[in-house]
Amino acid sequence: MADDSSLEARIGELLADRQLTFAAAESCTGGLIMHRMTNIAGSSAYVIGGFVTYSNAAKITFTGVKPETLDAHGAVSAETAAEMALGARLAFSTDLALSVTGIAGPGGATPGKPVGLVYIGLSTQAGEQVREFHWMGDRAENKTLSAEAALEMLYAYLTGAAHVRA
């Protein structure tokens, strides 16, 4: 269980104070972001829902990722992350949504897309932003680092911070 000083607790406080709602679409993190967000008592005031869209079919069906996007850029891409975040925000009618898509490992790498490559998307009323990350850990570490970076990206947005982990 998260304590009151955890990143997710600080995010929850900001969301609740501003009466903002949140959703997520997760692939390689498998629900870890939503797990952390819902560890906070009272999170039902701002966490609306989420998807674990592990397959391409789930990305298309639940978050509205276009098949053309997957064909042109692949599931692990900035374009897919942006569409996943937007799709989750629209599906749950929230103010904000995060998305994560990547290659946790140890398999799954392709030419130009190594294990540890992750894209995190944030959708807001103003549009989508995506960040690219390269982790060097094992599967569990890559999932943990991705969830942490996604929450840091959301926190930075909420606090107006210019710098997020690279």
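Every chain's residues receive numbers from 1 upward, in the order its sequence appears when written. Where totals are concerned, whole chains, interfaces and linings use all residues; where local detail is concerned, this predicted model gives features only for residues with pLDDT of at least 70, and gives and counts side-chain atom pairs only at 80 or more. The basis for every side-chain value is the complete set of heavy atoms in the structure, and neither hydrogens nor water enter the calculation.

**Student:** So what's going on with the pairing of strand β3 (residues 96-102)? Which residues, and what values?
**Tutor:** Under the scheme applied here, a residue whose accessible area is under 20% of the maximum for its type counts as buried, over 50% as exposed, and between as partly exposed, the area being computed with a 1.4 Å probe on protein chains only. Secondary structure elements follow DSSP: runs of H or I no shorter than four residues count as helices, runs of E no shorter than two count as strands, and numbering proceeds from the N terminus. Across the seven residues that make up β3, a large majority, seven, are buried. Residues of β3 alternate between two faces, with L96, L98, V100 and G102 on one and A97, S99 and T101 on the opposite face, all of them buried. Taken together, the five bridges between strand β1 (residues 22-26) and β3 define a ladder with parallel strand orientation. In the strand pairing of β3, A24 is matched with L98. Bridge count between β3 and strand β4 (residues 117-124): six bridges; the pairing is antiparallel. Directly across from L98, in β4, lies its bridge partner L122. One bridge is not enough; two strands pair if DSSP finds at least two bridges between them.

**Student:** Give a detailed account of the sheet that holds strand β5 (residues 127-134), specifying residues and quantitative values.
**Tutor:** Taken in spatial order, the five strands make up an open sheet running β2-β1-β3-β4-β5, and their pairing is mixed. At either end of the open sheet lies a strand with only one pairing partner, and these are β2 (47-52) and β5. Averaged over all neighbouring strand pairs, the angle between strand axes comes to 15°, with direction disregarded. As paired strands, β1 and β2 are joined by five bridges and run parallel to one another. Its bridge partner lying in β2, A25 is registered against F51. Whether two residues are in contact is decided by their heavy atoms: any pair within 4.5 Å suffices. Between the N-to-C directions of two axes lies an angle of 0 to 180 degrees, each axis being a line fitted to C-alpha atoms and, for a helix, fitted only over the stretch in contact. Lying on the sheet, helix α5 (residues 78-92) is in contact with β1, β2, β3, β4 and β5; it crosses β3 at an angle near 145°. Sheet contacts for helix α6 (residues 139-159): β1, β3, β4 and β5; angle to β4, the most-contacted strand, approximately 30°.

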